[in-house]
Amino acid sequence: MSTDEAAGGTGGTDGRRADALAAVSAAFHAGAARLPDPLGRVLQPHTERDRERRRVIALCAPFCLLATVAGVYPLSEMLRISVSEAKYVSEGFSLSAYERLLADPHLRASAVNTLWFSLATTIVSLGVATATAHALEKYDLPFRGALLTLLSFPISLPGIVAAFMIIVLLGNTGLVTNLVAWFTGRSSVDLAVATSVGGLFVAYCYSMIPRAFLLLRGSYAEVNERTEEAARSLGASPARTFYHVTLPQIKPGVIGAFILTFRTALAIFGTVLILQTLRVWTYEIDYALSSGSGFDIQLAAAMATVWFAFVLGFTALGLRYTSAEVGL
Amino acid sequence: MSDADSGPVRGGGTDDQTDDRPRPDGGLTVEDRQIRERSWKRSPSAVLGRPLVLTVFALTFLFLVFPVVATFVASFAREWTGVLPSGFVTLTHWEQVLGFGGYEDAADYSLKLGAVLRTLTENPLAAPSQSPLFRSMWLALGGVLVNLVVGVPIAYAVARYEFPGRDLLNAFAVLPLAPGIVLGVAFLRAYPELSGTDFGLIVGYSLLKAPFMVMAVQSSFESMPLRQLEESARSLGASWPRTFLSVIVPNAKRGIVSGAIICWALAAAEFNFSYVVFSRGARPLALFLKANISNSSFLTTAAAVSVFFLLVAAVTAALQLLGNRGFST
């Protein structure tokens, strides 16, 4: 085939394509013109402001699509089955699953367990993380970068691995267990606490301390050091300086870290699945789905809905009525 | 603390003879002893504060890092019955976990790398999917690709433009909407057929891990003069889509790459969602770990967990090369 022919050929298709494009675009413009004004302006902008709006919409569209397909639609289906009259098909409206939730004393106990356990582990983790962040940011520690990397290593470990780490430390053949047994001469099996509530507490902290630490480190980086130096040179003790000068400055970060860490604690599931000591809410959701309770998706959906509503409300209230700063 | 701090100063010097005569310049008289006490008496927090905080730091550090190191070391030991593991160095547990050697047939919970290698020549495309490692890598990669398309534009929209609902949208993009287990229940109900397939897992992972991508990219965008970049590119004749793709995105490359690495590692490690939704095919990595923790011997589990540690270490090293310090949530 000669180049001329090829060029002519593509020219021909180009021409036909251009005609088709023109027709499509004319139809599109005609259609867009008939749309109500705000919508029409998005598709066919007149001013720079309209164009900017179109860009914002185009930029947000992929996220909104994903959030709808993977978030909003599944969650709404979950809500519908939880209030359905039939067990496996969403139809009618009944609150029987929620009534079962309220009536079951085990589930009520589980809700109380989840709340106090999450709250206690969050407070302990935040306290420890504040001290850790303080030491790393205020004292000139050697190998600071390496310490930071190692401290943030456990963040990417899933809850089941955190549970295994606690077994390594506190299990029947655990390092700490064996060490204490060796010193006291008692049997290591009696000393092992990994599968007790105390062991679970430590396992929760294992997942939460690094997260809280990284969040707090961001707030520490923004502290104005001059105010602290001024307080110290005016005679305030370090404790007083921390309480009256440093703490007010990191307070929004601490509240933000509290909200995020508490959410993390409420969502922990793998750790409980391995250590099996306390029946928390997430564990009960999984139990409702197991064959032991006959794949009760209605109950599981109701429990998941309660969880979701609680955390959403808690986060919204927390962000609205406190000075919390979320993010890094 | 503050009372103890000022106590000795106030109470000091009562039995000394004091100079009560007013000073000629009208100033206050200060006792000698008061000055001396002030100069050597330190508050308890000045004495104890730093050692105390450092002790907490050291204990936290040991608590977080020591079990990781111990697990890795123990995975090469023959037995662990006493205080410390003994019988170094053996690769038995690693062979068992990776699925090599004589363990291949019995290795129900292994990574099945041996089987992958054997069938690689017959069926190069399908072979890797037998292994939890490669399946997880592929699923996590799918999640990252979705997150790139989703996360980068919304991070730019929030960082660059003002529009109604911006803060709310940002909150939704940065805070995880629902945790793995709740989303898993929702997926089981909404997509009963699809939820356990690659599609379901990839879509779920991408929503769960999107906040990390958005945050990483946003921190890159926040350090860039976005308006100037966009306006100069536009004034030089680039269309807006072209400006976005060939000026803005390449400038934020570092944040995008580190966000992708973080998302990938977290998606490969996602347990709660996979556990609820998973139905068939090779187990994702986190479920492989669960199967080992529940069923294998202690030291074999140590090797399985160590495989995961190596993965995280590789990811951390990659992030360090990019100038990030490890993970951030």
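Here the structure is a predicted model, which is why all the values come from computation and not from measurement. (Residues numbered from 1 in each chain as written. Chains lettered and ligands numbered in written order. Predicted model: local features only at pLDDT ≥ 70, side-chain atom pairs only at ≥ 80, totals over all residues. Heavy atoms only, no water.)

1. Overview of the overall build of chain B
Move 1: Helix and strand counts for chain B stand at 15 helices and zero strands.
Move 2: In chain B, of all internal contacts separated by at least 6 residues, the share reaching a separation of at least 24 is 62%.
Move 3: Summing over all exposed atoms, chain B offers an accessible surface of approximately 16,000 Å²; the carbon and sulfur share of this is 61%. (Helix = DSSP H or I, 4+ residues; strand = E, 2+ residues; numbered from the N terminus. Contact = heavy atoms within 4.5 Å. Areas by Shrake-Rupley, 256 points an atom, 1.4 Å probe, with all protein chains shown as cover.)

2. Digging into the overall build of chain A
Move 1: In terms of regular secondary structure, chain A is built from 15 helices and zero strands.
Move 2: Within chain A, the fraction of its 328 residues that count as buried is 46%.
Move 3: Long-range contacts, defined as pairs at least 24 residues apart, comprise 65% of the intrachain contacts of chain A with a sequence gap of at least 6.
Move 4: Total accessible area computed for chain A in this model is approximately 16,000 Å², and 64% of it derives from carbon and sulfur atoms. (Buried < 20%, exposed > 50% of the residue type's maximum accessible area, 1.4 Å probe, protein only.)

3. Re the interface of chain B and chain A
Interface size is commonly expressed as the accessible area that is lost once the parts come together.
Move 1: At the junction of the two partners, chain B supplies 87 residues and chain A supplies 90 residues.
Move 2: Surface buried jointly by chain B and chain A totals about 7,800 Å² across both partners, of which 80% is contributed by carbon and sulfur atoms.
Move 3: Viewed at the interface, chain A and chain B are joined by zero salt bridges.
Move 4: For the side of chain B that touches chain A, the leading source of residues is helix H3 (residues 44–74) of chain B, giving 18 residues.
Move 5: Partitioned by chemical class, the residues of the side of chain B that touches chain A number 63 nonpolar, 16 polar and eight charged. (Buried area = accessible area lost by both parts, 1.4 Å probe. Salt bridge = Lys/Arg side-chain N within 4 Å of Asp/Glu carboxyl O. Nonpolar A, V, L, I, M, F, W, Y, C, P; charged D, E, K, R; others polar.)

4. Observations regarding the environment of tyrosine 275 of chain B
Move 1: If you trace the backbone, tyrosine 275 of chain B turns up in helix H13 (residues 272–277).
Move 2: Judged by its relative accessible area of 28%, tyrosine 275 of chain B falls in the partly exposed class.
Move 3: The spacing of tyrosine 275 of chain B and alanine 286 of chain B is 11 residues in sequence and 8.4 Å in space, taken between C-alpha atoms.
Move 4: In contact with tyrosine 275 of chain B, not counting residues within four places along its chain, are Phe269, Leu273 and Asp286 of chain A together with Leu287 and Lys290 of chain B.

5. Examining the confidence of the model for chain B
Move 1: Looking at chain B as a whole, the pLDDT averages 81, with 83% of positions reaching at least 70.
Move 2: Ignoring residues within four places in sequence, the model shows residues 1–18 of chain B, a span with pLDDT below 50, making 21 contacts including any to other chains. (pLDDT = per-residue confidence, 0-100.)

6. Focus on the nonpolar core
Move 1: Counting 179 residues, the largest nonpolar core has Tyr204 and Tyr206 of chain A together with Tyr156, Val182 and Phe221 of chain B as its most contacted members.
Move 2: Here this core gets 13 residues from one element, more than from any other, and that element is helix H10 (residues 197–221) of chain A.
Move 3: Phenylalanine 221 of chain B has contacts with Val152, Ala155, Tyr156, Ala159, Leu226, Ile248 and Ala252 of chain B, leaving out every residue within four places of it along the chain. (Core = buried A, V, L, I, M, F, W, Y, C linked by side-chain atoms within 4.5 Å.)

7. Focus on the pattern of salt bridges
Move 1: Counting across every chain of the model gives 14 salt bridges over all chains.
Move 2: Glutamate 284 of chain A is the partner of arginine 279 of chain A in a salt bridge, and the nearest nitrogen-oxygen pair spans 3.1 Å.
Move 3: Among the salt bridges present, the one from arginine 166 of chain B reaches glutamate 162 of chain B, with a minimum N-O distance of 3.8 Å.
Move 4: Through salt bridges with shared partners, a single ionic network connects Glu48, Arg51 and Arg55 of chain A.

8. Overview of the state of the cysteines
Move 1: Applying the stated criterion across every chain, the model contains zero disulfides over all chains.
Move 2: In this structure cysteine 60 of chain A is a free cysteine whose sulfur lies 5.7 Å from that of cysteine 64 of chain A, the closest cysteine sulfur available. (Disulfide = S-S within 2.5 Å.)

9. Digging into the packing of helix H6 (residues 132–160) of chain B against helix H12 (residues 253–268) of chain B
Residues and elements named next belong to chain B.
Move 1: Closest axis-to-axis distance for the H6/H12 pair is 8 Å, and the angle between their directions is 140°. Taken together, H6 and H12 sit at an angle that is classed as oblique. Our pair here, H6 against H12, has a crossing hand that is right-handed. Listed contacts from H12 to Ser136, Met137, Ala140, Leu141, Val144, Asn147, Leu148 and Val152 of H6 are Ile256, Ala260, Cys263, Trp264, Ala267 and Ala268. (Axes fitted to C-alpha atoms, helices over the stretch in contact; angles between N-to-C directions. Parallel < 35°, antiparallel > 145°, perpendicular 65-115°, else oblique. Left-handed = near helix turned anticlockwise from the far one by under 90°.)

10. Section: unusual backbone geometry
Residue and element names in this part refer to chain A.
Move 1: Look at phenylalanine 143: it is not a glycine, yet its phi comes out positive at around 55°.
Move 2: The residue phenylalanine 143 is located in the loop between helix H5 (105–138) and helix H6 (144–152) in this model.
Move 3: Although it is not a glycine, glutamine 276 adopts a positive phi angle of roughly 50°.
Move 4: With respect to the helices and strands, glutamine 276 occurs in the loop between helix H13 (270–275) and helix H14 (281–289).
Move 5: According to the relative accessible area criterion, glutamine 276 is partly exposed, its value standing at 48%.

11. Things to note about the environment of cysteine 60 of chain A
Move 1: In this structure, cysteine 60 of chain A sits in helix H3 (residues 48–82).
Move 2: You can call cysteine 60 of chain A buried: its relative accessible area is 7%.
Move 3: Every residue in contact with cysteine 60 of chain A, bar those within four places of it in the chain, is listed here: Ile154, Ala157, Phe163 and Leu169 of chain B.

12. Structural notes on the confidence of the model for chain A
The predicted coordinates ought not to be read in detail in places where the model reports low pLDDT.
Residues and elements named next belong to chain A.
Move 1: Per-residue confidence for chain A gives a mean pLDDT of 84; residues scoring 70 or more make up 92%.
Move 2: Mean pLDDT per element in chain A: helix H1 (residues 3–34) is the minimum at 64, and H5 is the maximum at 92.
Move 3: When the criterion is pLDDT under 50, residues 1–11 qualifies, and its contacts beyond four places in sequence or with other chains add up to one contact.

13. Quick notes on the packing of H12 of chain B against helix H15 (residues 298–321) of chain B
All names here are of chain B.
Move 1: For the pair H12 and H15, interaxial distance at closest approach is 10 Å and the crossing angle is 170°. With respect to their mutual orientation, H12 and H15 come out roughly antiparallel. Here H12 contributes Ser258, Ile261, Ile262, Trp264 and Ala265 to the contact with H15, which in turn contributes Leu311, Val315, Ala318 and Leu319.
Move 2: Looking at side-chain class alone, the contact of H12 with H15 contains eight nonpolar, one polar and no charged residues.

14. Here we look at a nonpolar patch on the surface
Residues and elements named next belong to chain A.
Move 1: A cluster of nonpolar side chains, namely Val176, Leu179, Val180, Trp182 and Phe183, defines an oily patch on the protein surface of about 540 Å² accessible area.
Move 2: Within the secondary structure layout, phenylalanine 183 lies in helix H8 (residues 175–184).
Move 3: You can call phenylalanine 183 exposed: its relative accessible area is 63%. (Patch = residues over 30% accessible without salt bridge, like charges linked within 9 Å, V, L, I, M, F, W, Y side chains within 5 Å.)

15. What to know about the packing of aromatic side chains
Between two aromatic rings, the relevant description is the distance of the centres plus the angle of the planes.
Move 1: Throughout the structure, instances matching the rule amount to 25 aromatic pairs over all chains.
Move 2: With a centroid separation of 6.3 Å and an interplanar angle of 10°, the aromatic rings of phenylalanine 310 of chain A and phenylalanine 314 of chain A are classed as stacked. One end of the pair, phenylalanine 310 of chain A, and the other, phenylalanine 314 of chain A, are both in helix H15 (residues 297–321), four residues apart, so they sit about a helical turn from each other.
Move 3: Taken together through their ring pairs, the aromatic side chains of Tyr73 of chain A together with Phe187, Tyr191, Tyr205 and Phe273 of chain B make up a single cluster.
Move 4: The ring of tyrosine 287 of chain A has arginine 279 of chain A sitting right over it, with the charged end atom 4.7 Å from the ring centre. (Phe/Tyr/Trp six-rings, centres within 6.5 Å; stacked < 30°, edge-to-face > 60°. Lys NZ or Arg CZ within 6 Å of the ring centre and 35° of its normal.)

16. Considering H6 of chain A
Move 1: All of the buried residues along H6 of chain A are Leu147, Leu148, Thr149, Leu151 and Ser152 of chain A.
Move 2: Turning to H6 of chain A, the residues buried within the fold contact H5 and H10 of chain A together with H3 and H15 of chain B.

17. Side note on the side chain of serine 274 of chain B
Residues and elements named next belong to chain B.
Move 1: In this structure, serine 274 sits in helix H13.
Move 2: Looking at serine 274, its side chain comes within polar contact range of the main-chain oxygen of glutamate 270, at 2.7 Å.
Move 3: What serine 274 contacts, discounting residues up to four positions off in sequence, is Leu201, Tyr205, Pro284 and Leu287. (Polar contact = N/O pair within 3.5 Å; in protein donor to acceptor, adjacent residues only side chain to side chain.)

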